[in-house]
Amino acid sequence: MSIITEVIQSTVGILKGMRRTLAEIPREKWTVQYPDVPITVQPRYRGQHLLHVDEMGKEKCVACYLCAAACPSDCIYIVAETDPRPYEERIGRDERYAKVYNIDYGRCIFCGFCVEACPKDAITHGYNFELSVYNRADLLKTKEDLLITSQKQSKNYRVALSSEDVDSEYKEV
Amino acid sequence: MSVAVENIPGQFELADQPLDSEMTLSMGPQHPSTHGVLRLDLRLDGELVVKAIPDIGYLHTGMEKLFEYKKYQQGIVITDRMDYLNPLGNNLVYVMAAEKLLNLEIPERAQVIRVLMCELQRIASHMVWLGTSALDLGAMSVFFFCFRQREKIMNLIEAASGGRMTPSYFRIGGLMMDLPAGFERRVKQFMEDFPEALDTFETLVTGNTIWQSRTQGVGVIDKEEAINWGLTGPCLRGSGVGLDLRRHNPYCGYETYDFDIPVETDGDCWARFRVRMRELNESHKIVRQALERLKPGPTKADAPKVVLPDRDDMRKHMDSLIHHFLIVAEGFNVPEGEVYMPIEASKGELGVYMKSNGGPKPDRVHFRGPSFVNLAALPVMSEGEMVADVVAIIGSLDIVLGEIDR
Amino acid sequence: MTEKLHEFVGKLKEENAAWVSDVKEAFGEVTINVPAEWVVDVCWALKTQHGFDMLADLCGADRGPEEDPRFEVNYHLFSTEHYNRLRLKVLLSEDKPNVPTLTTIWKTADWHERETYDLFGVIFDGHPDLRRILLPSDFDGHALRKDYPLRGYEPYSMN
């Protein structure tokens, strides 16, 4: 094969490829302009944890330590306490509650084992994923940061519906 | 890449002193075409590689040690982080080894879902391979097309398990949970779009003369050498050995699926490329068959002492609650013994050697990573080639350093 | 399913009774205990006569510092002809953790043996290049031994 045929064939190869690539220009964009446009997360997405409360605003957690035992990275720290006051006055739904509930997000690997372990549905994964901080110590989140009543939900995500397409992204309609 | 190193001390010292006409080139560990933190000591005679010595271990995190300190079910999350392009395959081999020790029977639906998810993951893994190896050889746009397809699979995996790169979807005795509503429809939709994408890759890559001349006849390893070096997966099939563990050591009911084993005989980068491209078609075929077989049924084995009970059961029945507490807090005891469980992962034979001492934590877990073994054969493939061809060979081996260094 | 494997074991025993010191069958897998000095001969016979042409995996294991023999080296052989798997096990004591290298038979044993040396301190006699592979060359100790701590360079203690 002479060098001229080689050059011609390579050029044809490049032109063929470029035709396919350039054909993408008028098509719809796949990329999302995050954070101007929220990104799509799936319903089971595992983000920052939420500590749940019942309908009266009482914490569901009974400090049974199961989440801490299930955690593969040992990032959950709990101190349990009993509160003998009547239901209306106490913090938790049950007498026993978690006085301290810390999750170290420097260690957490978002595996979902704590959620699976919780017998009271007191902890679930939320959708917040923007956890970066300037100081490593700030990654240690306390109960006040995690409670569903006090946690601020980010505006930068949108939960996908199960009826949506596999490659659906948020689009302004 | 163009850093000439002279008189490197200690561990970087080569076995032989370089001759005057030879140069030592340290390629990596932060070189984009080494696909991670691989360092190659290349001894060059001009442009020709005289000797290539891979230097690994930059990503070593002691995972095999960590397994010994975690309960069996906690070990699943460590396997996600080994071969991070094929985490579901790693989950599968780990849970199957534990299930073999426990002698668990997995229900039909769970088996089919495992096959379905693993084949989707195989397509995703091959997409990363195709994109990055094409990028190494200068084809930029293939990378974006590949990652678009991979993103769709990542969405599917996220929908099923909640994690994109670290799903931990398979559990000992079944699955984390059943597939979400609408999952089958979404997989079908992906399956319909995928052949068109494959056509795009064929146009962009396979028919391209530049790609052909960069890969044909480069990095040749023949049949006997390939077996001698322990190559598995597409690298071995590219050398003319039609070995596929899905067919020859079947697991998860793979023996009942209809698929071909693509084999090429040349043993060069082009052959390995063709094998993987044809494998994409085969995986596509298996996913379609698995979708047809998806019938309603249980997704967890009937083993109350090993598998976490249903959440409704756990709230209503005392015995389920007790089992739930025991499994989570103390784990379950696994009978004494040792097993070796091999599967066909996207890169080759992924084996796990698991040894139990009868307690809730494994005594020893060893992963036989296909990338680890395939990379060991890089010196024989690259000797006598050009420096630029070493990049093509690494791309065709499809290595993942997370699995090599563990 | 394992009858074929027992056939191979029987043939090995016929050839030399000293080669096989123990045979175990569990979970559908057959394990042969081989004395360390015979492992090369056994592997050569299995490779050339019985079709076990691939060394799928080689890994060490530590039974604990109080056990004797303390170390195990497991060879997982595989055949690309009849697709059977066989495990050879070599037991080694702590005082003399030496076993002949298999790099003369399978080149793939090279990195596996380096890894086993690196993490367990098992010495493969005759290996062409027995250096550490995963850990840095100036690392002290062997990390996968049971008496090596999970965290820290000194045995971990609460004080």
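Details of the structure are given in the entry above.
Residues numbered from 1 in each chain as written. Chains lettered and ligands numbered in written order. Predicted model: local features only at pLDDT ≥ 70, side-chain atom pairs only at ≥ 80, totals over all residues. Heavy atoms only, no water.

1. Considerations on the overall build of chain C
Rule in force here: Starting at the N terminus, helices and strands are each numbered in turn, a helix being any DSSP run of H or I of at least four residues and a strand any DSSP run of E of at least two. As a reference, a globule follows 2.2 Å times the number of residues to the power 0.38, and the radius of gyration itself is taken over C-alpha atoms. We call a residue buried when its accessible area falls under 20% of the maximum for its residue type, exposed when it is over 50%, and partly exposed in between, using a 1.4 Å probe and counting protein chains only.
For chain C, the count of helices and strands is three helices and seven strands. In chain C, the order of α-helices and β-strands from amino to carboxyl end is α-β-β-α-β-β-β-β-α-β. Against the globule reference of 15 Å for 159 residues, chain C gives a C-alpha radius of gyration of 17 Å, in line with a compact fold. Taken over 159 residues, chain C has a buried fraction of 53%.

2. Digging into the sheet that holds strand E8 (residues 362–368) of chain B
Residue and element names in this part refer to chain B. Cut-off, in case you're wondering: Here the rule is simple: two strands pair whenever DSSP picks up at least two bridges between them. Every axis corresponds to a line fitted to the C-alpha atoms, with the helix fit spanning only the stretch in contact, and the corresponding angles, defined between N-to-C directions, vary from 0 to 180 degrees.
With respect to topology, three strands assemble into an open sheet ordered E6-E7-E8, the strand pairing being antiparallel. Looking at strand neighbours, the two that pair on one side only are strand E6 (337–345) and E8, the edges of this open sheet. Each strand of the sheet is rotated relative to its neighbour by a mean of 15 degrees, with strand direction disregarded. As judged from the six bridges shared by strand E7 (residues 348–356) and E8, these two strands associate in the antiparallel manner. Bridge pairing links serine 356 to proline 362 in E8.

3. Quick look at the nonpolar core
Worth spelling out the cut-off: Take the buried Ala, Val, Leu, Ile, Met, Phe, Trp, Tyr and Cys residues and link them wherever side-chain atoms come within 4.5 Å; each set so joined is a nonpolar core.
The biggest cluster of nonpolar side chains holds 97 residues, and the ones touching the most others in it are Met117(B), Tyr169(B), Ile172(B) and Phe201(B). Val390(B), Val9(C), Val34(C) and Trp111(C) belong to the second-largest nonpolar core, a separate cluster that totals 85 residues.

4. Quick look at the sheet that holds strand E4 (residues 96–104) of chain A
Backbone-to-backbone hydrogen bonds join strands into a sheet, with any given pair of strands oriented parallel or antiparallel. All names here are of chain A. Pairing is antiparallel in the open sheet, where three strands are placed in the order E3-E4-E6. Strands with a single pairing partner mark the edges of an open sheet, and in this sheet they are strand E3 (76–82) and strand E6 (140–141). Where E3 meets E4, seven bridges bridge the pair, whose relative direction is antiparallel. Among the inter-strand pairings, tyrosine 77 is bridged to a residue of E4, identified as asparagine 102.

5. Examining the interface of chain A and chain B
Think of interface size as the accessible area that goes away when the parts come together; that is how it is often given. Applicable threshold: Two residues form a contact once any of their heavy atoms are found within 4.5 Å. As used here, buried area is the combined drop in accessible area, with a 1.4 Å probe, of two parts when they are placed together. For this analysis, a salt bridge means a side-chain nitrogen from Lys or Arg found within 4 Å of a carboxyl oxygen belonging to Asp or Glu. Polar contacts here mean pairs of N or O atoms no more than 3.5 Å apart (in protein, one a potential hydrogen donor and the other a potential acceptor; neighbouring residues in sequence count only if both atoms are side-chain atoms).
Contact residues are listed per partner, giving 36 residues for chain A and 46 residues for chain B. Of the roughly 3,700 Å² buried where chain A meets chain B, counting both sides, 50% is carbon and sulfur surface. Linking Glu116(A) and Arg171(B) is a salt bridge whose minimum nitrogen-to-oxygen distance equals 2.7 Å. Across the chain A-chain B interface, the total number found is 23 residue pairs in polar contact (both at pLDDT 80 or more). Elements with a minimum of two residues in the side of chain A that touches chain B: helix H1 (3–22), helix H2 (66–70) and helix H3 (113–117) of chain A.

6. Overview of the environment of Thr48(C)
All names here are of chain C. Mapping threonine 48 onto the fold places it in helix H2 (residues 39–49). Judged by relative accessible area, which is 43%, threonine 48 ranks as partly exposed. Among the polar contacts made by the side chain of threonine 48, one reaches the main-chain carbonyl oxygen of tryptophan 44 at a distance of 2.7 Å.

7. With respect to the packing of aromatic side chains
Here is the rule we go by: Here is the rule: rings of Phe, Tyr and Trp (six-membered ring for Trp) pair when centre to centre is within 6.5 Å. Planes less than 30 degrees apart are stacked, more than 60 are edge-to-face, and the remainder are tilted. Only lysine NZ and arginine CZ atoms are considered, and such an atom sits over a ring when it is within 6 Å of the ring centre and within 35 degrees of the ring normal.
Counted by the stated rule, this structure contains 19 aromatic pairs over all chains. When the ring of Phe190(B) is compared with that of Phe194(B), the centres are 5.4 Å apart and the planes differ by 35 degrees; the resulting orientation is tilted. Here Phe194(B) and Phe190(B) lie together in helix H6 (residues 183–206), a separation of four residues that amounts to about one turn. With relative accessibility at 0%, the residue Phe190(B) sits in the buried group. Note on Phe8(C) and Phe52(C): the rings are 5.1 Å apart at their centroids and 75 degrees apart in plane angle, and the pair reads as edge-to-face. Separated by 44 residues along the polypeptide, Phe8(C) in helix H1 (residues 3–15) and Phe52(C) in the loop between H2 and strand E3 (54–62) bring together distant segments of the chain. Assessed through its relative accessible area of 6%, Phe8(C) is described here as buried. Since its relative accessible area comes to 0%, Phe52(C) is described here as buried. The structure contains a cluster of three or more aromatic residues connected by ring pairs, namely Trp129(B), Trp211(B), Trp270(B) and Phe273(B). Taking NZ or CZ as reference, Arg276(B) lies 5.0 Å from the ring centre of Trp129(B), over its face.

8. Let's talk about the packing of helix H3 (residues 87–102) of chain B against helix H4 (residues 108–136) of chain B
For any two helices packed against each other, the geometry is given by the interaxial angle and the distance between the axes. Residue and element names in this part refer to chain B. This is how it is decided: Charged residues are taken to be Asp, Glu, Lys and Arg, nonpolar residues to be Ala, Val, Leu, Ile, Met, Phe, Trp, Tyr, Cys and Pro, and polar residues to be all remaining types, Gly included.
One can describe the packing of H3 onto H4 by two numbers: an axis separation of 8 Å at closest approach and a directional angle of 145 degrees. Between H3, through Pro87, Leu88, Gly89, Leu92, Val95, Met96 and Glu99, and H4, the contact on the second element is made entirely by Arg114, Met117, Cys118 and Gln121. Among the residues forming the contact of H3 with H4, the class breakdown is seven nonpolar, two polar and two charged.

9. Section: the environment of Gly131(B)
Residue and element names in this part refer to chain B. Looking at where glycine 131 falls in the secondary structure, it is placed in helix H4. A relative accessible area of 0% places glycine 131 in the buried class. Filtering out sequence-adjacent residues up to four positions away, glycine 131 remains in contact with Phe143 and Cys146.

10. Re the pairing of E3(C)
The side chains of a regular strand alternate, residue by residue, between the two faces of the sheet. Residue and element names in this part refer to chain C. With nine of nine residues buried, E3 is to be regarded as a mostly interior element. As defined by bridge partners, E3 adjoins strand E4 (residues 71–78) across eight bridges and the pair is classed as antiparallel. Directly across from leucine 58, in E4, lies its bridge partner tyrosine 75.

11. Regarding the interface of chain B and chain C
Taken residue by residue, the interface counts 46 residues in chain B and 43 residues in chain C. Interface area for chain B against chain C, summed over the two sides, is near 3,800 Å², with a carbon-plus-sulfur share of 57%. Counting the contacts that link chain B with chain C gives nine salt bridges. Close ionic contact of Lys89(C) with Glu338(B) constitutes a salt bridge, the shortest N to O distance being 2.8 Å. The element best represented in the side of chain B that touches chain C is E6(B), accounting for five residues. Of the residues belonging to the side of chain B that touches chain C, the class tally is 22 nonpolar, 10 polar and 14 charged.

None of the figures reported here should be taken as evidence of function without further support.
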